[in-house]
Amino acid sequence: MHGTIPHDVFTPTTEEMVNLPDLIAIFPLPRVVMLPGEVLPLHIFEPRYRAMVRDALQGNRVIGMVESATDARSSSTERPAIRDIGCAGYIADHKELPDGRFLLWLLGLERFRIDEELAVDTSYRQVRVTYNPIRESAASLARLQPVRNELRSAIPRLVDLDVEDRETLEEQLGEISDSQLIALACQILELPSNIKRRLLEADNQIDRFLLVVEELYRHLEAHPEIDGDATETLN
């Protein structure tokens, strides 16, 4: 992985403008799970995946991120075993290097379940998928407000920022979606793929928020040197 997040990646209309296809190319990686709302920087250097990116850029700019099943023997082959749940990503920004490599910033849109892998002529793999978005009632979303507030208050104190930048981040946290808030917390806490997999597969947004807050407390316990304001916020 490589690169930084462009300032304009989180445009409010990006997810609304993308018509997610049922047939998508997939990019399997070991111990990498992308979540809806996450911006994933990628360094694309293998020829087959350079071709995948070029085709995506000429089409709908959608790529499916799936985790390789690293516990399977075939994970080290050209066609590793993969998990059946992944996340569709939109190429929000990219840079092609002189030698043909790509730097991508992939915006996670929606999770999917793989229905079947297709026999294709392309060097990269393609699958047919069914999207499985979380549907929440207004009452459920209202119950999330306290835990939302916990994350929004704690996150700025987990990163090294000056006063002005911290205030800017606090303002931005009030405007982003629940999915983006969870994804940002995962990035700052540097959660491993097994935890992110649980988040991706969760049945509802409440379970996702509670899992992230649990990991936040664990992080604070392991790092007592963190600004005490973060702990006070959660008590």
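What counts and what doesn't
- Residues numbered from 1 in each chain as written.
- Predicted model: local features only at pLDDT ≥ 70, side-chain atom pairs only at ≥ 80, totals over all residues.
- Heavy atoms only, no water.
- Phe/Tyr/Trp six-rings, centres within 6.5 Å; stacked < 30°, edge-to-face > 60°.
- Helix = DSSP H or I, 4+ residues; strand = E, 2+ residues; numbered from the N terminus.
- Buried < 20%, exposed > 50% of the residue type's maximum accessible area, 1.4 Å probe, protein only.
- 1 Å grid on protein atoms, 1.4 Å probe; cavity = no way out; pocket = protein on both sides within 12 Å on 5 of 7 lines; lining within 4 Å.
- Points joined across faces, edges and corners; volume = space filled by probe spheres on them.
- Nonpolar A, V, L, I, M, F, W, Y, C, P; charged D, E, K, R; others polar.
- Axes fitted to C-alpha atoms, helices over the stretch in contact; angles between N-to-C directions.
- Parallel < 35°, antiparallel > 145°, perpendicular 65-115°, else oblique.
- Left-handed = near helix turned anticlockwise from the far one by under 90°.
- Contact = heavy atoms within 4.5 Å.
- Expected span 1.5 Å × (residues − 1).
- Salt bridge = Lys/Arg side-chain N within 4 Å of Asp/Glu carboxyl O.
- Pairing = 2+ DSSP bridges.

Chemist: In this structure, what is going on with the packing of aromatic side chains? I would like to understand it.
Modeler: Where two aromatic rings form a pair, the distance of their centres and the angle of their planes describe that pair. Under the criterion given, the structure shown has 2 aromatic pairs. Each ring, one from Phe 27 and one from Tyr 49, has its centre 4.6 Å from the other, and the planes form 50°; the classification is tilted. One end of the pair, Phe 27, is in strand S1 (residues 23-30); the other, Tyr 49, is in helix H2 (residues 47-58), with 22 residues separating them in the sequence. For the pair formed by Phe 27 and Tyr 49, the shared burial category is buried. Pairing Phe 112 with Tyr 131 gives two aromatic rings, centres 6.4 Å apart and planes at 85°, and the pair type is edge-to-face. A residue pair is termed long-range when its members are at least 10 positions apart, and Phe 112 in strand S5 (residues 102-117) and Tyr 131 in strand S6 (residues 126-131) qualify at 19 residues. Relative accessible area serves as the criterion here: at 1%, Phe 112 is assigned to the buried category.

Chemist: Got a minute to help me understand empty space enclosed by the protein in this structure?
Modeler: Think of a ball as big as a water molecule: rolled over the atoms, this probe shows where empty space is left. All chains considered together, the criterion is met by 2 cavities of 30 Å³ or more. Considering only enclosed or pocket space, the largest cavity measures out at about 60 Å³ in volume. Lining the largest cavity, in full, are Val 32, Val 33, Met 34, Met 65, Val 66, Glu 67, Arg 83, Ile 85, Gly 86, Cys 87, Arg 197 and Leu 200. Broken down by secondary-structure element, the contributors of at least two residues to the lining of the largest cavity are strand S3 (62-68), strand S4 (85-96) and helix H7 (193-201). The residue inventory of the lining of the largest cavity, partitioned by class, reads 8 nonpolar, 1 polar and 3 charged. Volume-wise, the second largest cavity comes out at about 40 Å³. Lining the second largest cavity are Leu 35, Pro 36, Ser 179, Ile 182, Ala 183, Gln 205 and Arg 208. Of all elements in the fold, only helix H6 (178-189) and helix H8 (205-222) reach the threshold of two or more residues within the lining of the second largest cavity. Here the element with the most residues in the lining of the second largest cavity is H6; it accounts for 3 residues. Grouping the constituent residues of the lining of the second largest cavity by class yields 4 nonpolar, 2 polar and 1 charged.

Chemist: Help me out: how do you make sense of the packing of H7 against H8 in this one?
Modeler: The relative placement of two packed helices is expressed as an angle between their axes plus a distance between the axes. Where H7 meets H8, the axes come as close as 9 Å, and the angle between the chain directions of the two elements is 160°. The pairing of H7 with H8 is recorded here as roughly antiparallel in orientation. In the crossing of H7 with H8, the sense of the turn from one axis to the other is left-handed. Two secondary-structure elements touch here, H7 through Ile 195, Arg 198, Leu 199 and Leu 200 and H8 through Arg 208, Leu 211, Val 212 and Glu 215.

Chemist: Can you walk me through H2 in this structure?
Modeler: Since the α-helix turns once every 3.6 residues, residues separated by three or four places project in the same direction. Given a rise of 1.5 Å per residue, 12 residues ought to cover 16 Å, and the 17 Å separating the end C-alpha atoms of H2 matches this to within 8%. Residues of H2 that are buried make contact with S1, strand S2 (39-44), S3, S4 and S5.

Chemist: Please clarify how the pattern of salt bridges should be interpreted in this entry.
Modeler: Where charged atoms from two side chains of opposite charge come close, those side chains can pair. Tallied over the entire structure, the rule returns 13 salt bridges. A salt bridge links Glu 96 to Arg 54; the nearest nitrogen and oxygen atoms lie 3.7 Å apart. Here Arg 54 lies in helix H2 and Glu 96 lies in strand S4, a separation of 42 residues in the sequence. Judged by its relative accessible area of 34%, Arg 54 falls in the partly exposed class. In this structure, the salt-bridge partner of Arg 125 is Glu 117, at a minimum N-O distance of 2.8 Å. Each member of the salt-bridge network shares a partner with another, and the members are Glu 67, Arg 83 and Arg 197.

Chemist: Would you take a moment to explain the pairing of S3 for this structure?
Modeler: Side-chain positions along a regular strand alternate between the two faces of the sheet. Among the 7 residues that make up S3, 7 are buried, leaving the element largely enclosed by the rest of the structure. Relative to S3, S1 runs parallel, the two being bridged by 5 bridges. Opposite Ile 26, over in S3, you have Gly 64 as the bridge partner. Strand direction decides the pairing type here: S3 and S4, joined by 4 bridges, are antiparallel. In the sheet register, Val 62 faces S4, and the bridge partner there is Tyr 90.

Chemist: Could you clarify how one ought to interpret the side chain of Asp 178 in this entry?
Modeler: Mapped onto the elements of the fold, Asp 178 is located in helix H6. Non-local contacts of Asp 178, meaning those with residues more than four positions away in its chain, are made with Leu 141, Leu 144, Arg 148, Gln 205 and Phe 209.

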